[in-house]
Amino acid sequence: MSERPSWSAPAELAGLERRAWLVGGCGLAISVFGAFLNRAQFTQSYLVAWLLWTGIAFGCFAVMALHHLSGGAWGLMVRRVLESATRTIPILALLFVPVLIGLSDVYSWADPEAVAANEYLQQKTGYLNAGFYIARFAGYFLIVGGLAWLIRRRSLRQDETGDPMHSRRMQNLAGPSLGIYVLVATLASVDWIMSADPLWYSSLFGVYFVGGHAVSAFAFIIPVALWLREREPMSRALTDRHFHDYGKLLFAFVMLWGYFALSQLLIIWSGNLAEEVTWYVERTAGGWKTLSLLLALLHFALPFLMLLSRGLKRNARRLATIAILLLAMRWVDLYWQLGPTFHHDGFSLHWLDLTTVVGLGGIWLALFFKFLGQQPLLPIHDPDLEEALAGE
Amino acid sequence: MEPRRHVGLYGLMAEFDNSEQLIRASHEARAKGYRKLDAFTPYPIEEVSEALGHHGSKLPLIVLIGGILGALGGFGLQYWVSVIEYPLNVGGRPLNSWIAFIPVTFETTILLASLSAVLGMLALNGLPKPYHPVFNAERFALASRDRYFLCIETADPGFDRQGTESFVKGLDPGGVYEVEN
């Protein structure tokens, strides 16, 4: 590699961004039209879609912190992907406004009539009320968005000055970031998902949510890395070895997600308490049972068996197929968590569920592509980059 | 039985100063048709295994079979105890309460998979091996420090005392040694 590429993004990225804006704009326009027909359904569908894309961004934040803590060539190769994904966090906060408008459509604790009719809900209003909910929401985004900004700023400054001191600073930030992220995500999981069924509780829910974020992040990184590898300049940097690493990490987090999912089921099933089992009773009745089985098979069993293979992990295209399946299953998982709470009468899927996820996804991806193109695709002055490119 | 042509000789060993030379030499020896040959390096070098034509080992398959047997055995044991041999009603739950069986099934899967990994590895590589002729070569101890060795065995059908020696010398080694049995 005698001549040094500038590592600037391929020109096709702008085309992707344009198409994403178009798809996202159309999807959101149709969804907003649907909101006038059925606001409750719109808010419910929108919340699930928002959770999917926010999960990717938050997951990328956690993986970015992990990369700065642990080092390794795998992280350097996608650091700019992770940084660009975390840059969307402030915008994701703004995109939550439609849920805030229809708060009582998704959270019964925000509906004065439902609260008046239920004494248990009245007891919980000290924590579960709109004002405090919004304050907590702002706190989560300020903390995670702020930490992401601090780390990203150092990384970009190092591109300009080449000062290795920034690497140490990023590492120092990464440790606390990871711990704080897990705490924030735990509280957020209670607010955003668990409180939709305000009488139900599970102490494992937070880590289950975190496990989902990690799967989302790697399921997103892998197809992006594949796209980059098939073009200049990243075709010179990304090798099978890196995809092998992403495959191993995806495999680990699929197992972690499965472990948390089973642990929660096992604990609640063993305890057999009336307040807790309702969650699973709803999800093992009628059409929801099929969805539960689908989740166990396609979010865990099939990817687990496929990812055992070393050959598959080193084959970027096949690995990306599994990753995209998992990305789809991330949405199924979130829908499985919230859908039965919204539709007690059995399985239901609305066209708004699809248009919101496509609409938000288009907007989110367009922003991601835009941010990705704004700096070199590799941290050009990172002290470890030379070694990583040499492949040792 | 035909008398052996190279009584007392195990093979010829060439010493190299760096891994690139060894990789090149391995490629050339393979291309020349030698199959019974082995390389010795201070640390694992993937390219050398490739150059020597080592294909994936059978170990992953052995571990997979071990894991599957562990899973079936662990689940089967619990099923047999709780459903067939000693059915016990625990809080009205079904006898085949598979959710509660999963942790033990997981553990037995890992147990048998890792045992088959260790035992399978030992069975395939023939360790422990108290005696191996390559250690008769005087400078071979450097293989665990900073030298790289390639050994062509007399057991190779293409081995020929003079021909192989001149071939090995042509690889530009730091030295060529006879390895006695």
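Residues numbered from 1 in each chain as written. Chains lettered and ligands numbered in written order. Predicted model: local features only at pLDDT ≥ 70, side-chain atom pairs only at ≥ 80, totals over all residues. Heavy atoms only, no water.

S.K.: Explain the interface of chain B and chain A to me, using residue names and the numbers behind them.
M.R.: Between chain B and chain A, the residue contacts involve 10 residues of the former and 10 residues of the latter. Interface area, chain B with chain A, both sides summed: about 800 Å², of which 72% is carbon and sulfur. The interface formed by chain B and chain A holds zero salt bridges in total. On the surface where chain B and chain A come into contact, there are two residue pairs in polar contact (both at pLDDT 80 or more). Counting residues per element, the side of chain B that touches chain A draws most heavily on helix α4 (residues 98–125) of chain B, at five residues. Of the residues that constitute the side of chain B that touches chain A, the class distribution is six nonpolar, two polar and two charged. (Contact = heavy atoms within 4.5 Å. Buried area = accessible area lost by both parts, 1.4 Å probe. Salt bridge = Lys/Arg side-chain N within 4 Å of Asp/Glu carboxyl O. Polar contact = N/O pair within 3.5 Å; in protein donor to acceptor, adjacent residues only side chain to side chain. Helix = DSSP H or I, 4+ residues; strand = E, 2+ residues; numbered from the N terminus. Nonpolar A, V, L, I, M, F, W, Y, C, P; charged D, E, K, R; others polar.)

S.K.: Describe the environment of T125 of chain A, with residues and values.
M.R.: All names here are of chain A. On the secondary structure map, T125 appears in the loop between α8 (119–124) and α9 (130–161). With relative accessibility at 28%, the residue T125 sits in the partly exposed group. As for T125 and I30, which are separated by 95 residues in sequence, their C-alpha atoms are 35 Å apart. At a separation of 2.8 Å, a polar atom in the side chain of T125 contacts the main-chain carbonyl oxygen of Q122. (Buried < 20%, exposed > 50% of the residue type's maximum accessible area, 1.4 Å probe, protein only.)

S.K.: Any details on a negative patch on the surface? Residues and values, ideally.
M.R.: All names here are of chain B. On the surface, E20, E46, E47 and E50 cluster together to form a negatively charged patch. Among the elements that take part in the negative patch, helix α2 (residues 46–51) stands out by supplying three residues, more than any other. Secondary-structure assignment places E46 in helix α2. Looking at E46, the relative accessible area reads 41%, which means it is partly exposed. (Patch = residues over 30% accessible without salt bridge, like charges linked within 9 Å, V, L, I, M, F, W, Y side chains within 5 Å. Areas by Shrake-Rupley, 256 points an atom, 1.4 Å probe, with all protein chains shown as cover. Lys, Arg positive; Asp, Glu negative; His and termini not counted. Charge placed at Lys NZ, Arg CZ, Asp CG, Glu CD.)

S.K.: Just give me the short version of the side chain of R136 of chain A, but keep the residues and values in it.
M.R.: Residue placement: R136 of chain A occurs in helix α9. Not counting residues within four places of it along the chain, the set of residues in contact with R136 of chain A comprises Y127, L128 and D191 of chain A.

S.K.: Describe the nonpolar core, naming the residues involved and giving the relevant values.
M.R.: Counting residues in hydrophobic clusters, the biggest one holds 133 residues, and the most contacted among them are W50, W192 and Y246 of chain A. Discounting residues that sit within four places of it in the chain, W192 of chain A has contacts with L47, W50, L51, T54, F58, Y107, Y133, F137, Y140, F141 and F209 of chain A. Membership of the second largest hydrophobic core comes to 21 residues, among which are A14, L37, L52 and V168 of chain B. (Core = buried A, V, L, I, M, F, W, Y, C linked by side-chain atoms within 4.5 Å.)

S.K.: Run through helix α11 (residues 205–229) of chain A, naming residues and quoting values.
M.R.: Compared with an ideal rise of 1.5 Å per residue, which puts 25 residues at 36 Å, α11 of chain A spans 36 Å between its outermost C-alpha atoms and is within 8% of the ideal. With 23 of 25 residues buried, α11 of chain A is to be regarded as a mostly interior element. (Expected span 1.5 Å × (residues − 1).)

S.K.: Describe the sheet that holds strand β1 (residues 9–16) of chain B, naming the residues involved and giving the relevant values.
M.R.: Residue and element names in this part refer to chain B. Strand order in the open sheet formed by four strands is β2-β3-β1-β4, with antiparallel pairing between adjacent strands. Edge strands, defined here as strands with exactly one partner in the open sheet, are β2 (37–40) and β4 (175–180). Ignoring which end each strand starts from, the neighbouring axes of this sheet average 20° apart. Bridge count between β1 and strand β3 (residues 148–153): six bridges; the pairing is antiparallel. Bridge assignment links A14 to a residue of β3, and that residue is L150. Helix α1 (residues 19–32) rests against β1, β2 and β3 of the sheet, and its axis sits at about 20° to β3. (Pairing = 2+ DSSP bridges. Axes fitted to C-alpha atoms, helices over the stretch in contact; angles between N-to-C directions.)

S.K.: Residue-level account of the packing of aromatic side chains, with values.
M.R.: Following the criterion strictly, the structure yields 46 aromatic pairs over all chains and no others. Between F243 of chain A and Y246 of chain A the ring centres are 5.8 Å apart and the planes differ by 85°, which places this aromatic pair in the edge-to-face class. Here F243 of chain A and its partner Y246 of chain A are both found in helix α12 (residues 240–271), three residues apart, which amounts to about one turn of the helix. Assigned by exposure class, F243 of chain A and Y246 of chain A land together as buried. If you follow R136 of chain A out to its NZ or CZ, it ends over the ring of Y127 of chain A, 3.8 Å from the centre. Note that R93 of chain B overlies the ring of W269 of chain A, its terminal NZ or CZ placed 5.0 Å from the centroid. (Phe/Tyr/Trp six-rings, centres within 6.5 Å; stacked < 30°, edge-to-face > 60°. Lys NZ or Arg CZ within 6 Å of the ring centre and 35° of its normal.)

S.K.: Break down the domain arrangement of chain B for me, citing the residues and quoting the values.
M.R.: It is common to give the size of an interface as the accessible area that goes away when the parts come together. According to the domain assignment, chain B contains domain 1 (9–48 + 131–180) and domain 2 (59–125). Here domain 1 of chain B and domain 2 of chain B have C-alpha centroids that lie 45 Å from each other. (Domains from an automatic or database assignment.)

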